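Coordinate analysis (summary)
Each chain, written out:
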Amino acid sequence: MTIHIPFNKPYMTGQELGYIAEAHGNLHLAGDGMFTKRCHAWLEQHTGARRALLTHSCTAALEMTALLAAIKPGDEIIMPSYTFVSTANAFALRGGVPVFVDIRPDTLNLDETRIEAAITPKTRAIVPVHYAGVSCEMDAITDIAKRHGLLVIEDAAQGVTSTYKGRALGSIGDLGAYSFHETKNVISGEGGALLVNAPGFAAQAEIIREKGTDRSRYFRGEVDKYTWQDIGSSFLPGELIAAFLWAQLEQAGRITDERLASWRHYHALLADLETDCWLRRPVIPEHCVHNAHMYYILVAPHVNRQVVLDTLKQAGIGAVFHYIPLHSSRAGMAVGRAAGELDVTDALAGRLIRLPLWVGLTRANQEEVVDVLKRALRVGAQAGNA
Ligand SMILES: *Cc1c(COP(=O)(O)O)cnc(C)c1O
């Protein structure tokens, strides 16, 4: 059967092509034109970041943070193993060693109580990843970083419009990174942003993003020529991407609201299954406001996840698992190391299923997903875990 309720369906606000036509008409196609400036201003206003800079991707923004942090071979960077490849790869590119720490069983975020045991004289930074757009315990993490003289670099790829105690994710650490990939909430196909929060990084971030030159200062008329200042690369997107993104940022509030409505509907529909011990629903700490980036479930240990996924697929529903923990991946084992046991990561990674969630998903769609899921869980329990 073909999939009739896909896992993700990119949402367009309707203004994207109009703004792209405007950028086209402006004859400014390279980066840092009018639309990029609008996006920067929006991000700075809505997050409180000192400086926001559009990038090609969150991956690119994380690579910029590794350059800004001056990561050298052998430097250690503390992060969860339960994350996307780019969190670790950005630092490994500079010879950094990802040090994988276990996650909390409730939010699946970096377990702040296990960070200190992983710190060595080589540790340079802590990289909290806000899984599903739900914040890590940033007060505790910031406090540890201060006491040990470490940078905090937030992988807020999934966290656009989410907050922790009223502060935007990505704006709390020294540096933060957003993603506007097609699978995220606010999109531009491929796209991302670096948020610079700590003083002292903004000028260098501009240089790194512009091939290691001070071209940004030249464009502002602050210098009369631009030259090679530092090592960098080309991290900025062109104006057509920024024009598309502007159409999305303008509607970010509504996109979040619509996703939240779907998230809450799943949460209500699945309450009984949790009571009956078929699955565990997401946990949102009280001080975290999330953006409904994802609705995931953890199937009970006696349920065979693959059978559940196959049953959903056969019914035309696009549900998917998520990360293979990095400490058990080929590259992760080659360049990184685990700090202690990663029991929670190992126990939960194999039980997680993400359900379809996108703007335009109907309540009837969701009810169908949950009906099929109920049947799939029974089939999965019969199959058991070999
Ligand atoms: C999506 C994602 C990334 C990568 O984002 P891109 O924009 O595709 O580079 C990095 N980290 C996390 C946690 C993500 O979810």
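Residues numbered from 1 in each chain as written. Predicted model: local features only at pLDDT ≥ 70, side-chain atom pairs only at ≥ 80, totals over all residues. Heavy atoms only, no water.

Turning our eyes to something else, we now look at the overall build of the protein chain. Of the regular secondary structure elements, the protein chain holds 14 helices and 14 strands. Computed over the C-alpha atoms, the radius of gyration of the protein chain is 21 Å, within 12% of the 21 Å expected from 2.2 N^0.38 for a compact globule of 386 residues. Expressed as lengths along the three principal axes of its C-alpha atoms, the size of the protein chain is roughly 70 × 55 × 35 Å. Within the span of the protein chain, comprising 386 residues, buried residues form 56% of the whole. For the protein chain, contacts bridging at least 24 residues in sequence account for 70% of all contacts bridging at least 6. (Helix = DSSP H or I, 4+ residues; strand = E, 2+ residues; numbered from the N terminus. Rg over C-alpha atoms; globule rule 2.2 N^0.38 Å. Buried < 20%, exposed > 50% of the residue type's maximum accessible area, 1.4 Å probe, protein only. Contact = heavy atoms within 4.5 Å.)

This next bit is on the packing of helix α3 (residues 58–68) against helix α6 (residues 202–209). The geometry of α3 relative to α6 is characterised by a closest axis approach of 10 Å and an angle of 120° between their N-to-C directions. It follows from the interaxial angle that α3 and α6 lie oblique. Regarding α3 and α6, the two cross each other, and that crossing is right-handed. Between α3 and α6, the contacting residues are Met64, Leu67 and Leu68 on the first element and Gln204, Ala205, Ile208 and Arg209 on the second. (Axes fitted to C-alpha atoms, helices over the stretch in contact; angles between N-to-C directions. Parallel < 35°, antiparallel > 145°, perpendicular 65-115°, else oblique. Left-handed = near helix turned anticlockwise from the far one by under 90°.)

Quick look at the sheet that holds strand β2 (residues 76–80) now. Strand pairing in a sheet is mediated by backbone hydrogen bonds. Such pairs are either parallel or antiparallel. Pairing in this open sheet of eight strands is mixed, and the strands run β1-β9-β8-β5-β4-β2-β3-β13 from one edge to the other. Since the sheet does not close on itself, it has two edges, and those belong to β1 (51–55) and β13 (337–338), each with one partner. As paired strands, strand β8 (residues 175–179) and strand β9 (residues 192–196) are joined by five bridges and run antiparallel to one another. Looking across to β9, one finds that Gly176 is bridged to Leu195. Against the sheet, α3 engages β1, β5 (151–155), β8 and β9, with an angle of about 165° to β8. The strands touched by helix α4 (residues 85–92) within the sheet are β2, β3 (97–101) and β5, with β2 carrying the most contacts at an inclination of about 175°. (Pairing = 2+ DSSP bridges.)

Close contact between α3 and α4 brings their axes to 8 Å; oriented N to C, the two are set at 35°. Our pair here, α3 against α4, has a crossing hand that is right-handed. Facing Thr59, Leu62, Glu63, Thr65 and Ala66 of α3, the residues of α4 in contact are Ser86, Thr87, Asn89, Ala90 and Phe91. Among the residues making up the contact of α3 with α4, the classes are represented as four nonpolar, five polar and one charged. (Nonpolar A, V, L, I, M, F, W, Y, C, P; charged D, E, K, R; others polar.)

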